[in-house]
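Now for the letters of each chain:
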Amino acid sequence: MAQHGIEEHSHGAGAPIQIRHARPKSTSVEDFERPSRFEEVWKYFPTDKLSGLDDAVYPELEESQFGLQLASGATAEFIDSTESLVGTAGKPEDRVSAAAWTNASRTLKVTLTGESTEPHYVKVSADDSAKAAHIFVNAEPHSQATLVIDHQGHGKLAENVEIVTGEGSNLTLITIQDWDSKSIHVSNHFAKLKRDSTLTHIVVSMEGEAIRIVPQADLSEPGSNVEMYGVYLADSHQFIEHRPFIDHNAANCRSRVAYKGALQGKGAHTVWIGDVLIREAGVGTDTYELNRNLLLTDGARADSVPNLEIETGKIEGAGHASASGRFDDEQLFYLQSRGLDEQTARRLVVRGFLNEIIQKIGVEEIQDRLTNAIEADLEKVL
Amino acid sequence: MAKLEIKNLHVEVTTDNGNIEILKGVDLVINSGETHAVMGPNGSGKSTLAYSIAGHPRYEVTKGEILLDGEDVLEMSPDERARLGLFLAMQYPVEVPGVSVSNFLRTAKTAIAGKAPALREWVGEVRGAMENLRIDSSFTERNVNEGFSGGEKKRHEILQLELMKPKFAVLDETDSGLDVDALKVVSEGVNRAKEGSDLGVLLITHYTRILKYIKPDFVHVFVDGKVAEQGGPELADRLEAEGYDRYTKAAS
């Protein structure tokens, strides 16, 4: 386990120096090269599987492909993507995001008002040819809500999700990737947190051939709090990538990032790149990021890179931890010696390992789905 | 009446320098209700015996037998052995992050008994056993062995012994690292487990002090992977006075 306080990171010899916030932003596809492994941003992703998501022109999802299930306290409508609201939470930093941006002529705008304990759902389906989608989530000041963006079925999807949390609001946004095993999904989330608001951002990546989620949070007003959690299961020949980025650009903000994944089978590959930037204005920042991976079998690979850039010394705390470990034979023996058969023991250990994140989800239906997915995956291995 | 028989047991472990034989022909017979103390200096193979009985994959039995009521235990996985009635209280119990003690105990009991225990009675039984072992009630919400002190780990092992009700229990240096008060509490737990049943106990220890609280019927002195001498409780008194020098000199 690598655990550090405040310190600068050196990068591997020969690696190009990439400063996360210095990346060019543009909504125009032409401003970016085609993704290739020579770019840090696409270094791990199997770009041969992009299936046209990096093309300049392709269709967007039909309105009917957004299944809305909203409880009271939420409204949704399609707006023209040229409206000034679109782009206020962030702008693309890579070609696929820019392509999705350009090709989505309409944006699904979800407005959250009031206080609701019941989760709202947007159920997204896609299809076999490349499609673009754009969702804008606006949590009004002092609102409290949980919104689930649930991706299921088969599809090739490039998606941008903008999130604005109004003053004093408290939003939990859960994105679920529960596709079939041949689906490709690239999604960029841009969150802008207003003063004293809280965003709990949860990524649940269960199934897909190649999944890449890049959530970023812009903390440029004081007193805001972002918690980013992720849980993922990678099977044989699945690629799952998460690149959370927290930009501390105001005083007294807090961030927590915790992602945990279980991998199994030949060619299972996960990537976690966690970037935290504390700018000069980020005095009193309190941040911690963590990634842990549990490798259940041989032949799986987990890349995990935490990056912390600090431009002010006046912070509350900053740390990170990252570790990837194999399934522990001693744990297995201990549980077996208590009468649990190997499968029950493995299930208990994996479930226990992921439990910290599963508990954060807080929506029982999703927790159950995830538990079932874990069990189904474990059956394959034994 | 049940019987645990260990016959001419030879056990090897694989190291970087090849296979090393640790147990070199161990014979032991333990009947229900009996308490056997296995004593010996460090490195004599006491813990290897414990792990071999429980079925740890690191230990390879090259010769000999372990039989429980005539059934060949060596053919069984660790969980099958546990379900048959063998229990190992470990010297170094491992952490299981994210799994609460209450979930763990219930899952283990279900596995051993073959069905889930009736909830109300089970909760009462766990609470009673915890009170006896002076374990705080908040303990059940903690993750298994995570952040436990040495004493808490040992109490948790004995708690499982009391709740799982095995036929035979191997206690691997349960006394190590315990202060006198904790040693008493843990020993009382073992004695309670024996009183309510015909539990057979194989008590593995380096020191004689636990034998003040748990009275052995038989004492076996282990040296260099074999039983060097056996006798009644008086043998423990002699070890207390003389130490292991006599045996280790003879062996070297």
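What counts, and at which threshold
Residues numbered from 1 in each chain as written. Chains lettered and ligands numbered in written order. Predicted model: local features only at pLDDT ≥ 70, side-chain atom pairs only at ≥ 80, totals over all residues. Helix = DSSP H or I, 4+ residues; strand = E, 2+ residues; numbered from the N terminus. Rg over C-alpha atoms; globule rule 2.2 N^0.38 Å. Buried ≥ 20, exposed ≤ 12 C-beta atoms within 10 Å, placed from the backbone. Contact = placed C-beta atoms within 7 Å. Nonpolar A, V, L, I, M, F, W, Y, C, P; charged D, E, K, R; others polar. Pairing = 2+ DSSP bridges. Axes fitted to C-alpha atoms, helices over the stretch in contact; angles between N-to-C directions. Expected span 1.5 Å × (residues − 1). Bend = angle between axes of the 7 residues up to and from the residue. pLDDT = per-residue confidence, 0-100. Parallel < 35°, antiparallel > 145°, perpendicular 65-115°, else oblique.

### A word on the overall build of chain A
Within chain A one finds four helices and 20 strands. Expected size for 382 residues packed as a compact globule is a radius of gyration near 21 Å; at 20 Å, chain A falls within 12% of this value. With respect to the three principal axes, the spread of C-alpha positions in chain A is 60 × 50 × 45 Å. Taking all 382 residues of chain A together, 53% fall into the buried category. Excluding contacts between residues fewer than 6 apart, the proportion of contacts in chain A whose partners are at least 24 apart in sequence is 86%.

### Focus: the overall build of chain B
Check the secondary structure of chain B and you find eight helices and twelve strands. Computed over C-alpha atoms, the radius of gyration of chain B comes to 18 Å, within 12% of the 18 Å expected from 2.2 N^0.38 for 252 residues, which places it in the range of a compact globule. Projecting the C-alpha coordinates of chain B onto the three principal axes gives extents of approximately 55 × 40 × 40 Å. Residues counted as buried form 44% of the 252 residues belonging to chain B. Considering only contacts within chain B whose residues lie at least 6 apart along the sequence, 72% involve residues at least 24 apart.

### Observations concerning unusual backbone geometry
Residues and elements named next belong to chain A. For Ser51, which is not a glycine, the phi torsion comes out positive at approximately 55°. Here Asp196, not a glycine, exhibits a phi torsion of approximately 55°, which is positive. Counting through the fold element by element, Asp196 comes out in the loop between strand S10 (184-193) and strand S11 (198-207).

### Description of the interface of chain B and chain A
On the chain A side, the residues contacting the 19 residues of chain B number 17 residues. Counting residues per element, the ones that place at least two in the side of chain B that touches chain A are helix H2 (78-84), strand S7 (96-100) and helix H3 (101-113) of chain B. Considered class by class, the residues forming the side of chain B that touches chain A number twelve nonpolar, five polar and two charged.

### Some points on the sheet that holds strand S11 (residues 218-223) of chain B
Residues and elements named next belong to chain B. Here six strands make up an open sheet; going across it, the order is S6-S9-S10-S3-S11-S12 and the pairing mixed. Each having just a single partner strand, strand S6 (86-89) and strand S12 (226-231) make up the two edges of the open sheet. Strand-to-strand twist in this sheet, taken as the mean axis angle between neighbours without regard to direction, amounts to 20°. Sheet topology note: the S11/S12 ladder contains five bridges and is antiparallel. Following the sheet pairing, Val219 is matched in S12 by Gly231. In this fold helix H5 (residues 150-164) packs onto S6 and strand S9 (168-172), with an angle of close to 165° to the strand it touches most, S6.

### Details of the environment of B:Asp69
Residue and element names in this part refer to chain B. As for its position among the elements, Asp69 is in the loop between strand S4 (59-68) and strand S5 (71-72). Asp69 sits 114 residues away from Leu183 along the chain, and the two C-alpha atoms are 32 Å apart. When near neighbours in sequence (up to four residues on either side) are disregarded, Asp69 contacts Ala2 and Lys3.

### Thoughts on the pairing of strand S13 (residues 225-234) of chain A
All names here are of chain A. Burial analysis of S13 places nine of its ten residues in the buried class, which makes it a mostly covered element. Alignment of S11 against S13, held across eight bridges, turns out to be parallel. Bridged to Ile202 within S13 is Tyr229. In this structure, S13 lies alongside strand S16 (residues 254-263), joined through ten bridges in parallel fashion.

### Overview of helix H3 (residues 342-361) of chain A
All names here are of chain A. The first and last C-alpha atoms of H3 sit 28 Å apart over 20 residues, in line with the 28 Å expected at 1.5 Å per residue. Remark: the principal bend of H3, roughly 60°, maps to Asn355. The first or second residue beyond H3 is Gly362, which carries a positive phi of 70°.

### Let's talk about the confidence of the model for chain B
Per-residue pLDDT for chain B has a mean of 94; in total, 99% of the residues score no lower than 70. Across the assembled chains, the prediction reports ipTM 0.95 with pTM 0.84.

### Considering the confidence of the model for chain A
The predicted model of chain A averages 92 in pLDDT, with 95% of residues at 70 or higher. Across residues 1-17 of chain A, confidence stays below pLDDT 50; counting only partners more than four residues off in sequence or on other chains, it has 15 contacts.

### Details of the sheet that holds strand S2 (residues 18-31) of chain B
All names here are of chain B. With antiparallel pairing, the four strands of this open sheet are ordered in space as S2-S1-S4-S5. In this open sheet, the two strands that pair with only one neighbour each are S2 and S5. As judged from the eight bridges shared by strand S1 (residues 3-15) and S4, these two strands associate in the antiparallel manner. Its bridge partner lying in S4, Ile6 is registered against Ile66.

### Some remarks on the packing of H5(B) against helix H6 (residues 180-195) of chain B
Residue and element names in this part refer to chain B. Look at H5 against H6: their axes get within 9 Å of each other, and the N-to-C directions meet at 10°. With respect to H6, the element H5 is oriented roughly parallel. Between H5, through Gly151, Lys154, Arg155, Ile158, Leu161 and Glu162, and H6, the contact on the second element is made entirely by Ala182, Val185, Val186, Gly189, Val190, Arg192 and Ala193. Tallied by class, the residues present in the contact of H5 with H6 amount to seven nonpolar, two polar and four charged.

### Let's talk about the pairing of strand S17 (residues 269-278) of chain A
Residues and elements named next belong to chain A. Of all ten residues in S17, ten are buried, a share of seventy percent or more. Judged from the four bridges that link them, strand S14 (residues 239-242) and S17 form a sheet pairing that is parallel. By the bridge assignment for S17, Ile240 is matched with Thr270. Here ten bridges tie S17 to strand S19 (residues 301-310), and the two strands are oriented parallel to one another.

### Here we look at the environment of B:Leu159
Residues and elements named next belong to chain B. Note on placement: Leu159 falls in helix H5. Given 24 C-beta atoms within a 10 Å radius, Leu159 is considered buried. Spatially, the C-alpha atoms of Leu159 and Val126 are 8.2 Å apart, while their sequence positions differ by 33 residues. Non-local contacts of Leu159, meaning those with residues more than four positions away in its chain, are made with Ala129, Met130, Leu133 and Ile135.

### Considering H5(B)
Residues and elements named next belong to chain B. Compared with an ideal rise of 1.5 Å per residue, which puts 15 residues at 21 Å, H5 spans 21 Å between its outermost C-alpha atoms and is within 8% of the ideal. Of all 15 residues in H5, twelve are buried, a share of seventy percent or more. Of the surrounding secondary structure, the elements contacted by the buried residues of H5 are S6, H3, helix H4 (119-132), S9 and H6. Looking one or two places after H5, you find Lys165, whose phi comes out positive at around 50°.

### So, the environment of A:Ala76
All names here are of chain A. By secondary structure assignment, the location of Ala76 is in strand S3 (residues 74-80). Overall, the presence of 17 C-beta atoms within 10 Å leaves Ala76 in the partly exposed class. Along the sequence, Ala76 and Phe136 sit 60 residues apart, while their C-alpha atoms lie 9.6 Å from each other. Ignoring any residue separated from it by four or fewer positions in sequence, one finds Ala76 in contact with Leu68, Leu70, Leu108, Lys109 and Val110.

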